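# Analysis of the macromolecular model
Here is what each chain is made of, one letter per residue.
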Amino acid sequence: MAVRPILHAPDPRLKVKAAPVITVDDSVRLLMDDMLETMYRAPGIGLAAPQIGISQRVIVIDLAETEHQRQPLRMVNPEIIAVSEESQVFEEGCLSLPDQYAEVERPAKIRVRYLDYAGASQELEAEGLLATCILHEIDHLDGVLFVDRISSLRRSIIIRKLAKRKKSLTAEVA
């Protein structure tokens, strides 16, 4: 397993729709293992393959608060098959938009179909933070960032902060 570099906005690879995985083989399982290690190291609670520059429909999630409680969820080709009419708002952040947060409204409950680590078809009902996290990561697979789901004013503030941060980091390296 290896920790991989996480892409930061406005990297254009984050806006590309990821390709479906044809078969869950050893290379896809290794990708999921690397993604989990990368996510835990960051630290974060979810990561999509496009965030590490891999344009495949693969996500990993773990809402555990400590290493001893870890229960990683690995999803290949996840697709939402049902959503509740009820919505909820969570403050979201993203490893590809460091230190930026905003409240995002999403469905409160979802049902998702996906292939698991072994390649078996699974369905999962999720609500609360898990539902939000799954939807957030699936958005990445479609080239959508959480800032695309907030007001244009709030989005432009975040984008300016990211640009300023990038400029500052570039100046430090030079």
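Summarised in this report is the structure supplied together with it.

## Looking at the overall build of the protein chain
Of the regular secondary structure elements, the protein chain holds three helices and seven strands. Starting at the N terminus and walking to the C terminus, you meet the elements of the protein chain as α-β-β-β-β-β-β-β-α-α. Its C-alpha atoms give the protein chain principal-axis dimensions of about 45 × 40 × 35 Å. Residues counted as buried form 40% of the 174 residues belonging to the protein chain. For the protein chain, the share of sequence-separated contacts (at least 6 apart) that also reach a separation of at least 24 residues comes to 65%. When the accessible area of the protein chain is evaluated, it comes to approximately 9,600 Å², of which 52% is carbon and sulfur surface. Placing the 22 positive and 26 negative side-chain charges of the protein chain at their respective mean positions leaves the two points 8 Å apart.

## Focus on the pairing of strand β6 (residues 109–115)
Across the two faces of β6 the burial differs, with Ile110, Val112 and Tyr114 buried and Lys109, Arg111, Arg113 and Leu115 not buried at all. In this sheet, strand β7 (residues 121–127) lies alongside β6 in antiparallel orientation, the contact comprising seven bridges. Paired with Lys109 across the strands is Glu127, a residue of β7. What sits between β6 and β7 in their antiparallel hairpin is a turn of five residues, with Gly119 showing a positive phi close to 90°.

## Some details on a nonpolar patch on the surface
Taken together, the side chains of Ile45, Leu63 and Leu129 present a nonpolar region at the surface, about 210 Å² in accessible area. By the secondary structure assignment, Leu129 is in helix α2 (residues 128–141).

## Quick word on the pattern of salt bridges
Enumeration over the complete set of coordinates arrives at 12 salt bridges. When the shortest N-O distance is used, the salt bridge between Asp148 and Lys15 registers 2.6 Å. Of this pair, Asp148 sits in the loop between α2 and α3 (152–173) while Lys15 sits in the segment before α1 (26–41), placing them 133 residues apart in sequence. Judged by relative accessible area, Asp148 falls into the partly exposed class, the value being 34%. If you follow the salt bridges from partner to partner, you end up with Glu79, Arg111, Arg113, Glu123 and Glu125 in one network.

## Focus: the sheet that holds strand β3 (residues 73–83)
Strand pairing in a sheet relies on backbone hydrogen bonds. The paired strands run either parallel or antiparallel. A sheet is described by the order of its strands in space; here five strands give the open sequence β1-β2-β3-β6-β7, paired in antiparallel fashion. In this open sheet, the two strands that pair with only one neighbour each are β1 (46–48) and β7. Put simply, the sheet's adjacent strands are angled 40° from each other on average, direction ignored. Note that β1 and strand β2 (residues 58–61) share three bridges and pair antiparallel. The partner of Gly46 across the bridge, within β2, is Ile61. The strands that α1 touches are β1, β2 and β3; relative to β2, the one it contacts most, it runs at about 40°.

## Digging into the packing of aromatic side chains
One pass over the full model with this rule turns up zero aromatic pairs. Sitting over the face of the ring of Tyr40, Arg70 holds its NZ or CZ atom 3.5 Å from the ring centroid. For Arg74, the ring lying beneath its charged end belongs to Tyr117, and the centroid distance is 4.6 Å.

Thresholds, definitions, all that
Residues numbered from 1 in each chain as written. Predicted model: local features only at pLDDT ≥ 70, side-chain atom pairs only at ≥ 80, totals over all residues. Heavy atoms only, no water. Helix = DSSP H or I, 4+ residues; strand = E, 2+ residues; numbered from the N terminus. Buried < 20%, exposed > 50% of the residue type's maximum accessible area, 1.4 Å probe, protein only. Contact = heavy atoms within 4.5 Å. Areas by Shrake-Rupley, 256 points an atom, 1.4 Å probe, with all protein chains shown as cover. Lys, Arg positive; Asp, Glu negative; His and termini not counted. Charge placed at Lys NZ, Arg CZ, Asp CG, Glu CD. Pairing = 2+ DSSP bridges. Patch = residues over 30% accessible without salt bridge, like charges linked within 9 Å, V, L, I, M, F, W, Y side chains within 5 Å. Salt bridge = Lys/Arg side-chain N within 4 Å of Asp/Glu carboxyl O. Axes fitted to C-alpha atoms, helices over the stretch in contact; angles between N-to-C directions. Phe/Tyr/Trp six-rings, centres within 6.5 Å; stacked < 30°, edge-to-face > 60°. Lys NZ or Arg CZ within 6 Å of the ring centre and 35° of its normal.

The values reported here are purely geometric and, on their own, carry no functional implication.
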